[in-house]
Amino acid sequence: PRPSKLQHEVALALTRIGWDHIFEFVTEDGLSIDMAQPKNMIAIEVDGPYHYIKCKGKEPVENGRTKFKSRLLRQLGWSVIHIQYFEWNAITDAATQEAYLQSKLRQNDQSK
């Protein structure tokens, strides 16, 4: 599938904060990662609406395909950071987007 507008927005914001990455990186195992730092084994997955199951009155839940891909990447040694569309879409300005991404990257660093 073609990269979404959401993926491009996240990639641009990552570039603004100085997080060098490869857009649409494909691993040796054939898994496509939205944005990656292969040297550091960090994957950023931008999860749009099709990555979720929606239940009325509840927050969306990752679907099986998304969970499986994350598990596979982790088994292969990747750290996986998920950018959820409903969180991203609630952000209205560049500075807040950047702060959100920096927070996600810090959380990932702390979980190692």
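The structure this text deals with has already been given above.
Let us look at the structure shown here.

Conventions used here
- In this convention, every chain numbers its residues from 1, walking through the sequence in written order.
- This being a predicted model, a pLDDT of at least 70 is required before a residue's local features are given, and a value of 80 or more before pairs of side-chain atoms are given or counted; all residues contribute to the totals for chains, interfaces and linings.
- Hydrogens and waters are ignored; side-chain quantities use all the structure's heavy atoms.
- We define the nonpolar core as a collection of buried residues of types Ala, Val, Leu, Ile, Met, Phe, Trp, Tyr and Cys that are connected through side-chain atoms lying within 4.5 Å of one another.
- Exposed residues in this analysis have more than 50% of their type's maximum accessible area, buried residues have under 20%, and partly exposed residues fall in between, with area computed by a 1.4 Å probe over protein chains only.
- A run of H or I in DSSP counts as a helix once it spans at least four residues, and a run of E counts as a strand once it spans at least two, with each numbered from the N terminus.
- To estimate how far a helix should extend, the number of its residues minus one is multiplied by 1.5 Å.
- When we speak of the arc, we mean the arc of directions from the helix axis to the C-beta atoms.
- Contact criterion: two residues are considered in contact whenever any of their non-hydrogen atoms come within 4.5 Å of each other.
- Any carboxyl oxygen of Asp or Glu within 4 Å of a side-chain nitrogen of Lys or Arg constitutes a salt bridge here.

**A word on the nonpolar core**
Consideration 1: Formed by 19 residues in total, the largest nonpolar core has its most connected members in Val10, Leu14, Met35, Ile44, Ile83, Trp88 and Leu101.
Consideration 2: Listed by contribution, the elements that provide at least two residues to this core are helix H1 (5–16), strand E3 (42–47), strand E6 (79–84), helix H3 (85–88) and helix H4 (94–110).
Consideration 3: Looking at this core, the element that brings in the most residues is H1, giving five residues.
Consideration 4: Listed in part, the eight residues of the second largest apolar core include Phe25, Leu31, Ala43 and Leu73.

**Details of H1**
Turn by turn, an α-helix covers 3.6 residues, leaving residues three or four places apart pointing in a common direction.
Consideration 1: Taking 1.5 Å as the rise per residue, H1 with twelve residues should run 16 Å; its terminal C-alpha atoms sit 17 Å apart, in good agreement.
Consideration 2: Among the residues making up H1, those that are buried are Leu6, Gln7, Val10, Ala11, Ala13 and Leu14. The buried residues of H1 occupy an angular sector of 165° when the element is viewed end-on, so they sit on one face. Exposed positions of H1 whose direction lies more than 90 degrees from the buried face are Lys5, Leu12 and Thr15.

**Considerations on the environment of threonine 27**
Consideration 1: The topology assignment puts threonine 27 in the loop between strand E1 (22–26) and strand E2 (32–37).
Consideration 2: According to the relative accessible area criterion, threonine 27 is buried, its value standing at 7%.
Consideration 3: Not counting the four nearest positions on each side in its chain, threonine 27 is found in contact with Ile33, Leu73 and Trp78.

**Comments concerning the pattern of salt bridges**
Consideration 1: By the definition in use, this model includes four salt bridges.
Consideration 2: For arginine 16, the salt bridge identified is with glutamate 98, shortest N-O distance 2.5 Å. Taken together, the residues arginine 16 in helix H1 and glutamate 98 in helix H4 connect sequence positions 82 residues apart.
Consideration 3: The shortest N-O distance in the salt bridge between glutamate 45 and lysine 69 comes to 2.9 Å. With glutamate 45 in strand E3 and lysine 69 in helix H2 (residues 64–75), the pair connects residues that are 24 residues apart, well separated along the chain.

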